[in-house]
Each structure stands twice: as C-alpha cells, then as structure tokens.
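Below are the chains, spelled out letter by letter.
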Amino acid sequence: MTKRIKGSCTTMLVGKKASIDGSTIIARNEDGAGPLNLQKFVVVNPKDQPRHYKAVLSKVEMDLPDDPLRYTSTPDATDGHGIWAAAGINSANVAMTATETITSNSRIQGVDPLVEDGIGEEDITAITLPYAHSAREGVKRLGSLLEKYGTYEMNAMAFSDKDEVWYFESIGGHHWAAIRIPDDAYVIAPNRLNIDQFDFNSDDTLFAKDLPDMIEKYHMNPDKDQVNLRHIFGSSTIKDTRYNNPRAWYGQKYFNPEFDTTPIDQDLPFICRTDKKITIEDMKFVLSSHYQNTPYDPYGTGTEAQKKQFRPIGINRNQELHILQIRNDVPAEIAGIHWLAFGPNTFNAVVPFYANVTDTPEAYKNTTTNCDPTNMYWLPNVLALIGDQNFALYEDQENLFEEHTVAQCRNLQIKTDQTATKQSDLSAYLEKVNNQMADIDQKNSNVLLGQMLGLGEAQMKLQFTLND
C-alpha cells in the first residue's frame with residue numbers, strides 16, 4: 001500500500017443572505033502534512049478529463065461519464081501521489097472543495113470500518129465536480145460513490161451553486177451525511193467531525209439511506225433527546241481542545257464577539273449567524289489568522305507556553321487558499337470567481353480569477369520543482385519565511401500590500417464585469433483579465449519583497465557600526 005498523505009485544513013462557508021453581495025461562498029485552506037507541498041492552478045477541459053479513472057494511493061478504479069464539465073482546479077504540481085484536485089468551479093457554476101480531514105471514533109469504526117482500497121482526498125474532486133450540475137447533485141453523486149467504493153479516511157467536503165451551500169461529511173467506511181447551510185448562516189469547520197444537530201426528516205439534509213437504522217441498531221446515540229452527529233460519530237478529545245476547537249472559536253469570536261465561549265469548548269456551534277454582512281476580506285482575515293489580540297498569537301506578547309498552546313488557522317503548512325464565490329448580481333457567464341492565494345496566508349493576497357476560462361496564468365499553472373521566485377507558488381513562501389523572522393517589523397508593509405493588491409484586482413473586476421458580456425470571445429477576454437490579475441499580484445509581491453529586504457538587512461547581525 002502506498003503511504004497515505006494527510007493534510008489538516010480549515011473550511012469556511014457563507015450562505016447568500018450572510019454575504020455582503022448575495023453570493024454563496026465556500027472556502028478552505030489546503031494545509032499540507034508539511035511545508036512546500038507544491039500546488040498549481042489549472043483548468044481541466046473536457047478533453048483532458050479521464051474517462052477511466054485509476055487511483056494512485058489505492059487500488060480503486062472506475063469508468064467516468066463521457067460528458068464532463070470544464071472546471072478550475074488546484075492540484076498537486078508534482079507527480080506520484082495522484083491528482084489531489086482540491087477545489088474548483090465548473091462550467092455549470094457549481095463549486096466544490098475537498099477535503100477537510102475530520103475525526104471519528106471507535107464506535108463507528110467498529111460498525112463500518114474504513115476501506116483500505118476505497119476512495120480518498122486524492123480522488124474525490126476529480127471524480128465528482130465535473131459531473132455536478134447543482135450543489136445538491138454533487139452531494140448525491142459523492143454519496144453514491146462513497147457507498148459503492150468506500151473510503152480509507154474520514155473527510156468533509158463542501159458544494160455550492162448560486163442558491164445553496166452544502167456541507168458533507170463521510171462517516172465510517174461507506175456512510176455519509178450532508179446538510180444545507182442556511183442562507184443567513186456561516187460555518188467555520190476545523191479538522192473534526194463538525195455537524196451537530198441533524199434532522200433526518202428535513203429537506204435540507206441528505207444521508208446514506210440506512211444511517212438512521214444503523215444508529216438505532218448499534219445503540220450509537222449517546223444523547224437521550226437529540227440527534228447530534230458530532231456526538232454520535234465524531235470526537236471529543238484533548239487533541240480537539242488544542243488543535244481543532246480553538247480555530248473555530250477564534251473565527252466565531254471574530255464575527256460574534258458576544259459569544260460566551262472558550263478555545264477549548266467541545267460543543268462550539270456548527271451553524272452560526274452574525275449581524276455583520278460577511279466579505280471576502282473577512283474570510284481572508286479569518287483564514288490567515290493566528291489568534292491576534294490574544295495571548296495565543298505566536299507573533300504576540302503571551303508567554304512562550306501560551307504562544308504554542310493552540311494550533312492557528314494561518315500556519316506555515318498553508319499550501320493554497322481558495323475562496324469559491326458564485327455571484328448573484330452579474331450574468332451567469334461571469335458569476336464564478338475562484339479567489340486564490342498560494343503559501344502561508346500571513347504574507348499573501350487572494351486574487352479573484354474568473355472561472356469561465358479554458359486556461360490559467362503562466363505564473364500560477366507552471367509551478368517549478370525548484371524554488372523560482374518568479375513563480376506564484378514560490379514567491380509567497382519566500383515572503384512568509386522572511387516575514388516570520390520579525391513579524392512586527394514587516395506587518396504594516398504586508399497589510400498595505402494585501403489591501404492594495406485586492407483593491408487593484410477589484411477595480412479591474414468591476415471594469416471587466418461592465419464590459420465582459422459584450423465580448424465576442426468571452427473566455428479569451430476573461431483569460432486576458434486573469435493574466436492582468438496575476439501580474440498585479442506578482443508585481444506587488446515583488447515590491448513587498450524589496451521593502452522587506454530594505455527593512456530586514458538593516459537588522460542583520462552581520463554588521464559593524466564604525467565607519468570605514
């Protein structure tokens with residue numbers, strides 16, 4: 001058996017009435033098992049989608065439908081471990097992110113063991129997203145694949161279209177449950193089984209058909225008066241109090257400072273609501289966060305023990321951040337926006353790439369094996385490494401870089417929205433705009449790098465104060 005590779009991500013979901021502009025939004029930090037798990041940004045056109053799929057990390061293989069949709073994707077940039085397509089938006093304006101590694105417990109593992117040769121994160125996006133014409137259809141397809149082939153790991157996924165956002169969790173080897181996120185709600189989901197209250201009779205839930213009977217037959221529900229999937233199938237461990245719960249706590253406190261919770265609470269709510277309309281900038285802050293203004297910030301003023309107490313959302317293992325936005329205030333042809341940033345999120349900016357394209361910018365699609373600061377996977381990693389050495393010294397410059405980069409891209413996006421549908425070749429036009437977006441990010445990142453070098457070299461130990 002090929003060695004399994006596990007990441008540990010953070011997912012965020014926003015319903016259309018909770019976002020500032022009526023968009024549905026799903027997002028995730030793709031975090032590797034270690035730093036520098038090379039990623040790229042590509043478009044998979046129908047002719048390039050396999051009709052027969054064979055996994056690398058397991059023995060699973062299957063025939064795929066002959067009518068795939070085009071989709072954006074952020075797969076691994078190196079061969080040998082499978083596709084790991086991670087996330088994208090297809091030509092039907094359906095978005096998908098997969099996967100969030102989640103927890104389990106011995107009760108469900110005993111009833112429905114994991115399947116050594118089933119499907120896993122390597123496979124899931126590539127065999128699901130090209131065939132989903134709605135978020136709900138994506139949920140149903142993935143559920144049928146899990147029931148048929150099984151899985152060797154516990155994962156969570158999310159789907160969205162212009163109207164709905166769905167969150168999906170695998171349960172044991174062959175089971176699953178999914179819930180539609182209310183339009184006026186948001187979710188922050190770390191690496192644990194997250195769904196809590198679940199109504200099997202609701203139109204806003206989907207699940208493996210024998211899931212209720214399995215719970216009853218094997219006496220799996222520890223609660224007397226509720227169906228809480230986190231209690232039934234998930235975990236409540238000491239690791240959760242250090243690794244998972246604090247991330248949800250910090251994000252929830254950002255939107256709801258009135259919440260009376262602590263970082264180690266085991267029953268933080270899954271579905272949340274806030275009076276604030278949520279922006280892309282809010283999501284980027286949360287998904288880059290490291291417990292700012294608390295004693296737990298690794299760059300802060302707490303004790304050394306406090307700084308290392310909880311796992312932050314923004315971390316050195318961030319490989320890429322995608323924020324998948326389906327807009328409702330523009331024509332469908334330009335509704336899908338694949339916001340993207342590579343590297344640790346403390347020193348990058350998200351770029352709003354149009355999804356209705358057949359190709360992606362050179363600096364984003366051709367990630368090199370060796371370090372190349374002209375490549376947009378490597379450049380943010382260089383910035384993050386330098387910035388980590390003295391965060392306070394560079395923090396203002398990074399904040400201005402991010403603000404200016406997103407502002408310039410937004411300005412270009414507004415102009416493009418006004419003229420795009422008048423173009424004779426829309427896809428080619430949007431590809432040109434995406435290249436301009438990439439150029440803005442690359443130029444501004446290099447300006448930031450120069451600023452950091454100017455500030456940092458003055459602080460070097462290798463200096464002498466006497467004049468020559």
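Note that this is a predicted model, so its numbers are computed, not measured.

(A) Structural context of the environment of Pro182. Tracing the chain through its elements places Pro182 in the loop between β11 (175-180) and β12 (186-189). Considering only alpha carbons, one finds Pro182 and Trp166, 16 residues apart in sequence, at a separation of 9.1 Å. When residues no more than four places from it in sequence are discounted, the contact partners of Pro182 are Gly15, Ile271 and Arg273.

(B) Here's a closer look at helix α3 (residues 135-149). The first and last C-alpha atoms of α3 sit 21 Å apart over 15 residues, in line with the 21 Å expected at 1.5 Å per residue. Positive backbone phi, at 75°, marks Gly150, one or two positions downstream of α3.

(C) Just the sheet that holds β11, in detail. In spatial order, the strands read β7-β8-β9-β10-β11-β13; together these six strands make up an open sheet with antiparallel pairing. Edge positions in the sheet fall to β7 (87-89) and β13 (205-207), since each of these pairs with one other strand and no more. The mean inter-strand angle of the sheet, taken between neighbouring strand axes irrespective of direction, is 15°. Where helix α2 (residues 121-128) meets the sheet, its contacts fall on β7, β8 (95-101) and β9 (155-160), and the angle it forms with β8 comes to roughly 165°. Strands in contact with α3 are β8, β9, β10 (165-171), β11 and β13; relative to β10, the strand with the most contacts, it is inclined by about 10°.

(D) Fine view of the side chain of Gln292. By the secondary structure assignment, Gln292 is in the loop between α7 (280-288) and α8 (304-307). Ignoring sequence-local partners within four residues, the contact set of Gln292 consists of Tyr250, Phe285 and Asp297.

(E) Layout of the environment of Glu398. As for its position among the elements, Glu398 is in helix α11 (residues 391-419). Along the sequence, Glu398 and Pro68 sit 330 residues apart, while their C-alpha atoms lie 41 Å from each other. Residues contacting Glu398, with those up to four places away along its chain left out, are Thr346, Phe347, Asn348 and Leu448.

(F) View of the sheet that holds β12. Here six strands make up an open sheet; going across it, the order is β12-β1-β2-β14-β15-β16 and the pairing antiparallel. Strands at the two margins of the open sheet, each flanked by one partner only, are β12 and β16 (351-354). On average, each strand axis in the sheet is tilted by 15° relative to the strand beside it, whichever way the strands run. As paired elements, strand β1 (residues 10-14) and β12 share four bridges and run antiparallel to each other.

(G) Representation of the packing of α11 against helix α12 (residues 426-457) in the model. One can describe the packing of α11 onto α12 by two numbers: an axis separation of 10 Å at closest approach and a directional angle of 165°. In terms of their interaxial angle, α11 and α12 are classed as roughly antiparallel. For the element pair α11 and α12, the recorded crossing hand is right-handed.

(H) Summary view of the nonpolar core. With 60 residues, the main nonpolar core has Met12, Ile323 and Tyr364 as its most contacted residues. Apart from the residues within four sequence positions on either side, Tyr364 is in contact with Lys40, Phe41, Leu340, Phe342, Val351, Phe353, Met376, Ala438 and Asp441. Grouped together as the second largest cluster of nonpolar side chains are 34 residues, Ile26, Ile181, Val187 and Ala189 included.

(I) Fine view of the packing of aromatic side chains. Under the definition given, this model contains 21 aromatic pairs. Between the aromatic rings of Tyr167 and Phe270, the centroid separation amounts to 5.2 Å while the plane-to-plane angle is 45°, which identifies the pairing as tilted. Note that Tyr167 is positioned in strand β10 and Phe270 in the loop between α6 (238-255) and α7, a separation of 103 residues in sequence. The exposure classification of Tyr167 matches that of Phe270, with both residues buried. Seen from their ring centres, Tyr254 and Phe255 are 4.9 Å apart, and the 85° between their planes marks the pair as edge-to-face. Joined through ring pairs, the aromatic side chains of Phe41, Phe342, Phe353, Tyr364, Tyr377 and Trp378 make up one cluster. Here the basic side chain of Lys239 rests over the ring of Tyr243, its NZ or CZ set 5.0 Å away from the ring centre.

Each value, and the rule that gives it
Residues numbered from 1 in each chain as written. Predicted model: local features only at pLDDT ≥ 70, side-chain atom pairs only at ≥ 80, totals over all residues. Heavy atoms only, no water. Helix = DSSP H or I, 4+ residues; strand = E, 2+ residues; numbered from the N terminus. Contact = heavy atoms within 4.5 Å. Expected span 1.5 Å × (residues − 1). Pairing = 2+ DSSP bridges. Axes fitted to C-alpha atoms, helices over the stretch in contact; angles between N-to-C directions. Parallel < 35°, antiparallel > 145°, perpendicular 65-115°, else oblique. Left-handed = near helix turned anticlockwise from the far one by under 90°. Core = buried A, V, L, I, M, F, W, Y, C linked by side-chain atoms within 4.5 Å. Buried < 20%, exposed > 50% of the residue type's maximum accessible area, 1.4 Å probe, protein only. Phe/Tyr/Trp six-rings, centres within 6.5 Å; stacked < 30°, edge-to-face > 60°. Lys NZ or Arg CZ within 6 Å of the ring centre and 35° of its normal.

Read these as layout, nothing more, since geometry by itself doesn't imply function.
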